Amino acid sequence: MKTYIGIDLGTSSVKVLLVGEEGHVLNTVSETYPVSYPHPGWSEQSPELWMEAVDKAVIRLLKGRNRDQENVCGIGFGGQMHGLVVLDKEDKVIRPCILWNDGRTEEETKYLNEVIGKDKLSEWTANIAFAGFTAPKILWMKKNEPENFAKIDKIMLPKDYIAYRLTGTFCTDYSDASGFLLLDVKNKRYSKEMLDICGITEAQLPKLFESYEVVGTVNKEWATRWGIKENVVVVAGAGDNAAAAIGTGTVKEGDCNISLGTSGTVFISSDKFSVDKNNSLHSFDHANGKYHLMGCILSAASCNAWWMDVLETKDFAREQEGLMEKIGDNSLFFLPYLMGERSPHNDVNAKGAFIGIRPTTSRFDMTLAVMEGVAFALRDCIEIARANGVVITSTKICGGGAKSPLWRKIIANVCGVTVNVPTIEEGPSYGGALLAMVGDKRYSSVDEVVDAVIRTRTSVEPDPELVAKYNNKYETFRVLYPALKDVYKLI
């Protein structure tokens, strides 16, 4: 039996999956690594830590599984998007990666959107500038670290650093490259106008591939170290949300997936290229060779993790006990903008807030408010899609937060959609493995492998009474950010 490895390079950990050729998960291993916050609003990470973690995870993944180890035929990736990884001519990392949730580029983002202009950016790349995107980070580096900028030989995204180390191929895929703000998403080529604005050349950027295309094979060093064959194919992989969409079977026109990871996303698959008229949603290429619209909130499950840290507990389930009965009746609101916000507000100054605290407010009210606040922020993205004519009546769901039955029920009723939980809830790592199967020709296409292996385990239907309650609460939630927008600039 052939086996495949899926690697999900996340913000705080790497998850590595071993998957059989029929789609069943044989083993899963995670390794953590730290995030550095050198200044308020900054977020960085060392790419060398990623490779060390991947190495440890794969060794653990295959330990004692000799037959599976011998039969590894392909490796695929999902990875955190937008991070600026820069190498010099000796292929040494020049500086720590500036991560997707880093907010230092307010000035550069404003320059791109207001001086260059949103209309031109949308024409050239199908998107406007957000602080987390890669192009503003390149401009920041050019201005603030000119000596480092002058050393740049290669610019890549986080998962592509792993692919480069494994194969020696300088590559990326279209879905991840869409978040560069350097790619002409519609025509799948780099934008000359954006390269000129950033002061870089196409030679400094990776070669573009479809996510399921083979970019090389594992080199002798890693094959020997991991005990696998040298002819194991490596595919380009995808940005984490596109990989998660593959892993949940979100590939057909109008299919929706909500990801509740460190960040939160609403991912809508599309057969045709389109652009949100207000550019509040991202218009990106999909890992299946087509397109998607995506809304991204910068803090999702990370809000709950933060709140559990405040409460000094790791017992997430205990903190949620009894809250199912309180759904829809909580009078407390939480704004989940711990790292600023992307969709739809595009505001690096936005901050988290509890609103409506009274003497009777309990920790359980606050826990519920945190979960509801994330759901309301996701609904913001869904409402933008609906305003663009997209009909959303159901969604897949994945990510760490999706393991909570309470959160799934909240999302179903806040958003008024059926929430379908896949049988296998591994998201990006599973999607990476499925892409590797296509690259290895085990399946002829992404659609074929999805049809063959993706199933729904359970569904949560919205309750009309709760939907009505949450519709009323959402109308209040919508006015809170505008009311605080100017205040955020003062604190």
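Residues numbered from 1 in each chain as written. Predicted model: local features only at pLDDT ≥ 70, side-chain atom pairs only at ≥ 80, totals over all residues. Heavy atoms only, no water.

### Re the sheet that holds strand 23 (residues 418-422)
With mixed pairing, 7 strands are arranged side by side in an open sheet as 18-19-17-16-22-23-24. Each having just a single partner strand, strand 18 (282-285) and strand 24 (456-460) make up the two edges of the open sheet. Strand-to-strand twist across the sheet, computed as the mean angle between neighbouring axes with direction ignored, equals 30 degrees. Direction of pairing for strand 18 relative to strand 19 (residues 291-297): antiparallel, over a ladder of 4 bridges. Across the sheet, the residue bridging to Asp285 is Tyr291, located in strand 19. (Pairing = 2+ DSSP bridges. Helix = DSSP H or I, 4+ residues; strand = E, 2+ residues; numbered from the N terminus. Axes fitted to C-alpha atoms, helices over the stretch in contact; angles between N-to-C directions.)

### Quick notes on a positive patch on the surface
Positive charge collects at one region of the surface, where Lys110, Lys118, Lys485 and Lys489 lie side by side. If you trace the backbone, Lys110 turns up in helix 3 (residues 106-125). (Patch = residues over 30% accessible without salt bridge, like charges linked within 9 Å, V, L, I, M, F, W, Y side chains within 5 Å. Areas by Shrake-Rupley, 256 points an atom, 1.4 Å probe, with all protein chains shown as cover. Salt bridge = Lys/Arg side-chain N within 4 Å of Asp/Glu carboxyl O. Lys, Arg positive; Asp, Glu negative; His and termini not counted. Charge placed at Lys NZ, Arg CZ, Asp CG, Glu CD.)

### With respect to a nonpolar patch on the surface
Side chains of Trp306, Val310 and Leu338 sit close together on the surface and give an oily, nonpolar patch of about 240 Å² of accessible area. By secondary structure assignment, the location of Trp306 is in helix 11 (residues 301-310). By relative accessible area, which is 33% here, Trp306 ends up partly exposed. (Buried < 20%, exposed > 50% of the residue type's maximum accessible area, 1.4 Å probe, protein only.)

### Some words on the packing of aromatic side chains
Summed over the entire model, instances satisfying the criterion amount to 19 aromatic pairs. Ring centres of Trp222 and Trp226 lie 5.4 Å apart, and the angle between their planes is 45 degrees; this geometry places the pair in the tilted category. With Trp222 and Trp226 both in helix 9 (residues 220-226), this residue pair falls 4 residues apart, about one helical turn. When its relative accessible area of 5% is taken as the criterion, Trp222 is described as buried. (Phe/Tyr/Trp six-rings, centres within 6.5 Å; stacked < 30°, edge-to-face > 60°.)

### Regarding the packing of helix 3 against helix 4 (residues 134-144)
The geometry of helix 3 relative to helix 4 is characterised by a closest axis approach of 9 Å and an angle of 115 degrees between their N-to-C directions. Pair helix 3 / helix 4 crosses with right-handed handedness. Contacts from Glu107, Glu108, Thr109, Tyr111 and Leu112 of helix 3 reach helix 4 at Pro136, Leu139, Trp140, Lys143 and Asn144. (Left-handed = near helix turned anticlockwise from the far one by under 90°. Contact = heavy atoms within 4.5 Å.)

### What about the pairing of strand 16 (residues 256-260)?
Each regular strand displays side chains that alternate between the two surfaces of the sheet. The buried count for strand 16 comes to 5 of 5 residues, which makes it a mostly enclosed element. On strand 16, burial covers both faces: Cys256, Ile258 and Leu260 on one face and Asn257 and Ser259 on the other are all buried. Sheet topology places strand 16 next to strand 17 (residues 264-270); 5 bridges connect them, and they run antiparallel. Bridge pairing in strand 17 links Cys256 to Ile268. A loop of 3 residues connects strand 16 with strand 17, the two strands running antiparallel in sequence. Note: strand 16 against strand 22 (residues 394-398), 3 bridges, orientation parallel. Bridging across to strand 22, Asn257 finds its partner in Lys396.

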